[in-house]
Amino acid sequence: MSRLPEHPGERIDRQKVIRFSFDGKTVEGFEGDTVGSALYAAGRRTFSRSFKYHRRRGLMCCSGQCPNCIVAVDGAPGARACTEPLREGMRVEHLNARPGLEFDAMRATDLVGGPFTPPGFYYKTFIRPRRLWPLYEKVLRHAAGLGRLPRQQPERMWRTEYRRRHADVLVVGGGVAGLEAARAASRLGADVVLAEEGPELGGRRLVDEAGEGIAALAQDLRAGGVEVLTRASALGYFDGIVPVWQGDTLHQVRARRHVFATGGIEQPLLFAGNDLPGVMLSDGARRLASLYSVKPGSRAVVVTTSDRGLHAALALHEVGVEIAAVADLRQLSGAPAQDLGERGIRVLPRHTVVEARGGKAVAQAVLAPVGGEEADERPLDCDLLVVSGGSAPATSLLLQAGARTAYDAARGGFALSELPDGVQAAGEVAGAGEPDSVAPSGELAGLEAAHAVGLGDERSGARVPELREALAVARAGRPAVAVPPPASGARRGKCFACLCEDVTSKDIAYSVKEGYDSIELCKRYTTVTMGPCQGRMCQLPSIALMAQETSQSLADVGTTTARPPWRSVPMGVLAGRPIDPAKRSAIHGRHRDLGANVKWAGDWRRPYDYGDPQAEALAVHHGAGLIDVSTLGKLLVRGAEAGAFLDRVYPNRFSDLRPRRIRYGVVSSDAGRILDDGTICRLDQETFYVTTTSSGAGAIEEWFSWWLADSDLEVRLTDLTQGVGAVNLAGPRAREIISAVTDVDCSNEAFPYLDARQGRLAGVRCLILRIGFVGEVGYEIHFPAAYGEHVWDALLEAGRPYGIRPFGLEPQRILRLQKLHVLVGQDTDSESTPFGAAMPWIVKLDKDGDFIGRSALEHYARETPATSLVGFTMSDGHVPSEGAVVVDERGTPAGQVTSSRYSPVLGRVIGMAWVPSALARDGVSITISDEGQKLTAELRTRPFYDPDGEVLRS
Amino acid sequence: MSLEFLTLDAPAVARSPMERQARAAGARFEVRDGWNVAVDYGAPEREREICRTAAGWADVSHLAKLELQGDHGLAGVTRRGGAWWCPVSDRRALVLGARGSMPGPDETEPEARVHVVEVTSNFAALTLIGPLAREVVARFCALDLRPQATPVGSLRPGSVARQPGMVLREGEHRFMLLFGWAIGEYMWTVVQDAATHLGGGPVGQSALEGADA
Ligand code: FES
């Protein structure tokens, strides 16, 4: 155990022991521990194996920024041990090492593979022989990745959901700057959400002063109505929407203003062996000690580019860590160096670390003068190597929002240079990270955000220039930092620029030599910055290496494009709830009761059949069938000029349609192509009831609305699609059945084909249309959806003596094919015209006035279409695939099969196909090429069943 | 011949598209004004408690709805005689409420400027009630329902659970979702999934009436 004595500010409760397992072994920690702190306290130094070389990796940042401590918790991969709170009984397992973390067979890639596994080796090595690719792929997939998910999950293992949150101001970052920003905005009345990535608020204050004063500030915020989210990572910025991932919830925050107080990310240094367990960032080591009372090491060497490392050395010394030496890359150390000297700790100016040595963990650090000779090296024994390579402002979200950065040579990093509208930055990310500037910077950002949404008063307005002034003064007094060399000691061993993807300084040099000499190309080639840390640890080092290799300045190399997600996130979190929108008719429950085979049809769930589609089709011919057609689009077109409007949107005429009569219509685009079809019934002088295809309902409603919006016609449109149910009763006994339940006289004389009547059916008011899509005497009955089951039941009951059967979409398709009735979308495509689709009669070029598609249709009327839609029947019993190709005598594609079925009433296979117009005659023989088979079919231009429509009209 | 076939006056029982799910959740039904209405789910007191402390959802698809077309003259959502009069656009408005609260022809067609279409079964409806009601809606709807954006008595058309819909804020903690009849089953599933996770449950008309009282 390496627990320190109890001290104020520690987050653990030593009275509450928590037991959990790591790789099957029981480990103990305390309440308040993270998995990482508990394991470290229990002596564990190796937490993971690296992605490519399978090198040992240990805690480095202790703040969830790096990839070193990624584990699986209760089967879910991707958790950061150093931020994952400890829970009783939790099951923690390592990832990416076989057979175990301590002995990983894949480590061989590091020991022997280095020179053989340069960047891009996958692409170069595994391309030959090509036939082995499936094997390579299997092996690579097995070797790669960070954890495994169960192959099949009957239910989702983890619930994830979206939550939408509107706000006036979103503050990202719960350090002092973010908290001050939230407080300032909320005091002016803004509705504020604050999202902090870490487990608790405080940011760097947690490290410097164990979060002194933060609890009171947070309390203040909550009391003021600020919604504070912790463990909540902002993933990106999408035109003002910021998805914030918190546990199982993805908050979609839509704020009017955004304050990014995302702080800075402590940077590592590049030197040989910089990834050994025991190499730790200064803030990481301090976190372990101050928050979890874990002694990070017994003897430490500290290497720093700024006062940050000096403060760390002091803090670690304070808790009993022996400091072997401090190497400061600057010539002149800051004030804390004096304190260190007084404690007898050596500070070596202009020194850096060139190598970390050790087997399972650091055992020695080799220090040397910056750019100096090997003779001046100082190997120092230690079990902890604390490094601080400066701080990179966490600008990714700001850049996604449209901010710009510029290279700041004095700070050795890319600093904000321009902010977009609607966005504020505060604290370290805005260059105000020092203790005297961080709070004013936060307050200023909060005030400006509130002002921007129209809140504030004279006092708050006057405060803005005061704060600006204070920040300018603080900025002038910032302590100096050193810019580290891109890498030190690269000849001695691997210097890792990217810990996530195992990209070394040599890999970057190799990439440049291969011609990938821009940072964006290098990123794609080496995958540097593309791992779980998303560039937090490796962007700046890789830019510095690229600058060195290409002899450019860092400013000229520039940064890669900032893209979401800013933190790696489980795909399930992005997926939301697994519920698909589905439309169902009001009779759907009855279909289920009847054992229907329900499938998707567009965005509807519909019965395809009730177990025997052929028998259902025959029932329609021999007795009666009932099909639910509630999915049809139904539009009410009303107004004094409703007829004129329909004349404008259809190529045929409707203004002359008599009340209670029905006419077929095809909607064509302005290019004369078929968009949809359906029936139009005139209910009275000013009212038309238009039906569309099921899949076209929404589009036609929009199409009509679009044309109406631009017209001065007195017409109103109401979409009744979902409110009106509809069934089609068809068959030789249909008349008897309907007559048993309606007060409408359904005799052929009183109610002829293509007429409409209103009346009651089983007590329900209905509109009955006498039409016949399936080729038998038919009645399409429309009624309020709320009576759907009642109407359905009544018709089935009345039809029982006549052998009625419910039928689904599949038998309907057989029946309509027998009649060569076109299914728009199935038999037509976006190029089909009414002329090609054998419906020239629908185009009334002699009607007065313009209509949509007129000029295009006039053009097509003068030409013979290249292909025409016709029926065919197969010479053998083969049912060709829909989509099979019609070929000419040379075997060249000349058309396409659109529909094909076996017709039980005809006893043969029939279909529809587009064929060259020259062939579109009865009796012509064509060849269909279907999956390598050549099939012969004979063309038919007239319906296969009841070609003269006598049955329909009877 | 006009629009008689849209009238719901049959001696048959009218049913909501969510009736089967309500039944599966334990609903007890009564026929009211010709509709099968879920009166309670077997524990009216617990349902009232849910409405007070979490979020209850109730199927109110049986409410009558009329679409007004033309110059309706409504400046904003108003409550008249127990019905909500909601302008949807300059030329279109929706009136919804209990059958007895609906306007007669005289009230809706002054000087024949407004045409009326019965759209009761165009829109299914769920009422969400309780202090967590807004949180529940936020799980599937991106409309801004904060009081400053959607005060009591306002209607917000938009995407509800990725489908076209409307949200009417009836009270501080009471929202009515209006959506297509055909997506009733889907919407019930969505609301049930979200509300149950937050401690909510289905409630019947009795609980709603209790909350009104
Ligand atoms: S040590 Fe846990 S993420 Fe860096």
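Not measured: the values here are computed from a predicted model. (Residues numbered from 1 in each chain as written. Chains lettered and ligands numbered in written order. Predicted model: local features only at pLDDT ≥ 70, side-chain atom pairs only at ≥ 80, totals over all residues. Heavy atoms only, no water.)

**So, the overall build of chain B**
Stated precisely, the cut-off is as follows: Helix and strand assignments follow DSSP, with helices taken as H or I runs no shorter than four residues and strands as E runs no shorter than two, numbered in order from the N terminus. For the radius of gyration, the atoms used are the C-alpha atoms, and the globule rule reads 2.2 Å times the number of residues raised to 0.38. Between buried and exposed lies partly exposed: a residue is buried under 20% and exposed over 50% of the maximum accessible area for its type, with that area taken using a 1.4 Å probe on protein chains only. Contact definition: two residues touch when any of their heavy atoms are within 4.5 Å. Only the protein chains shown count as cover for residues, and all accessible areas are computed by the Shrake-Rupley method using a 1.4 Å probe.
For chain B, the helix and strand inventory stands at 6 helices and 13 strands. A compact globule built from 213 residues would reach a C-alpha radius of gyration of about 17 Å, and chain B, at 17 Å, matches this within 12%. If one aligns the C-alpha atoms of chain B with their principal axes, the spans along those axes are about 50 × 45 × 35 Å. Within chain B, the fraction of its 213 residues that count as buried is 59%. The contacts in chain B between residues at least 6 apart in sequence include a share of 62% that link residues at least 24 apart. Summed over all atoms, the accessible surface of chain B reaches about 8100 Å², with 51% contributed by carbon and sulfur.

**Overview of the sheet that holds strand S15 (residues 279-281) of chain A**
All names here are of chain A. Keep this limit in mind: At least two bridges found by DSSP between two strands is the condition for calling them paired. For helices, the fitted axis covers only the stretch in contact; all axes are lines through C-alpha atoms, and the angles between them, taken along N-to-C directions, range from 0 to 180 degrees.
Taken in spatial order, the 5 strands make up an open sheet running S15-S22-S16-S17-S18, and their pairing is parallel. At either end of the open sheet lies a strand with only one pairing partner, and these are S15 and strand S18 (347-349). On average, each strand axis in the sheet is tilted by 20° relative to the strand beside it, whichever way the strands run. Strand direction decides the pairing type here: strand S17 (residues 322-328) and S18, joined by 3 bridges, are parallel. Its bridge partner being in S18, Val326 is matched across the sheet by Val347. The strands touched by helix H8 (residues 282-292) are S15 and strand S22 (384-388); relative to S15, the strand with the most contacts, the crossing angle is about 85°. Here helix H9 (residues 307-318) sits on the sheet in contact with strand S16 (299-304), S17 and S22, set at roughly 175° to S17.

**A closer look at helix H20 (residues 613-622) of chain A**
Every buried residue of H20 of chain A is accounted for by Ala615, Glu616, Ala617, Ala619, Val620 and His621 of chain A. Buried positions along H20 of chain A lie against strand S30 (604-609), strand S31 (625-628), strand S37 (724-730), strand S41 (805-806) and helix H25 (809-818) of chain A.

**Let's talk about the nonpolar core**
Proteins that are soluble and globular tend to have nonpolar side chains buried together. Using the following cut-off: In plain words, nonpolar cores are sets of buried Ala, Val, Leu, Ile, Met, Phe, Trp, Tyr and Cys residues tied together by side-chain atoms within 4.5 Å.
Counting residues in each nonpolar core, the largest one holds 76 residues, and the members touching the most others are Val301, Val303, Leu367 and Leu385 of chain A. Broken down by element, this core gets its largest block of residues, 6 residues, from helix H16 (residues 539-550) of chain A. Sequence-distant contacts of Val303 of chain A, that is, excluding residues within four places in its chain, are made with Leu269, Ala327, Leu329, Thr352, Val353, Leu367, Leu385, Val386, Val387 and Ser388 of chain A. Membership of the second largest hydrophobic core comes to 71 residues, among which are Val791 and Ala798 of chain A together with Val37 and Ala55 of chain B.

**Points about the interface of chain B and chain A**
Which entries qualify depends on this criterion: Salt bridge, as used here, is a side-chain nitrogen of Lys or Arg placed within 4 Å of a carboxyl oxygen of Asp or Glu. Here a polar contact is recorded for every N or O atom pair within 3.5 Å, except that within protein the pair must consist of a potential hydrogen donor and a potential acceptor, and residues adjacent in sequence are included only if both atoms are side-chain atoms. Only Asp, Glu, Lys and Arg are considered charged, only Ala, Val, Leu, Ile, Met, Phe, Trp, Tyr, Cys and Pro nonpolar, and every remaining residue, Gly among them, polar.
Counting residues at the interface gives 50 residues for chain B and 60 residues for chain A. Put simply, chain B and chain A have 12 salt bridges between them. Where Arg159 of chain A meets Asp193 of chain B, a salt bridge forms, and the shortest distance between an N and an O atom there is 3.2 Å. Counting the contacts that link chain B with chain A gives 35 residue pairs in polar contact (both at pLDDT 80 or more). At the level of elements, strand S4 (64-70), strand S8 (114-118), helix H4 (133-138) and helix H5 (184-197) of chain B are the ones that each hand at least two residues to the side of chain B that touches chain A. The greatest single-element share of the side of chain B that touches chain A, amounting to 7 residues, is contributed by H5 of chain B. Tallied by class, residues from the side of chain B that touches chain A come to 25 nonpolar, 11 polar and 14 charged.

**Remarks on the pattern of salt bridges**
Scanning all chains against the criterion turns up 90 salt bridges over all chains. Between Arg87 of chain A and Asp74 of chain A there is a salt bridge, and its shortest N-O distance comes to 3.6 Å. Of the two residues, Arg87 of chain A is situated in the loop between strand S6 (76-80) and strand S7 (91-93) and Asp74 of chain A in the loop between strand S5 (70-73) and S6; the sequence distance between them amounts to 13 residues. Owing to a relative accessible area of 38%, Arg87 of chain A belongs among the partly exposed residues under this scheme. Across the pair Arg20 of chain B and Glu789 of chain A runs a salt bridge, and its minimum N-O distance is 3.3 Å.

**What about the pairing of strand S8 (residues 161-172) of chain A?**
Residue and element names in this part refer to chain A. Across the 12 residues that make up S8, a large majority, 12, are buried. Bridge analysis of S8 against strand S13 (residues 249-260) gives 11 bridges, and the strand direction is parallel. When the sheet's bridge partners are listed, Arg163 is paired in S13 with His251. Bridge count between S8 and strand S9 (residues 192-195): 4 bridges; the pairing is parallel. Within S9, the position partnered with Val169 by the bridge is Val192.

Read these as spatial facts, not as claims about activity.
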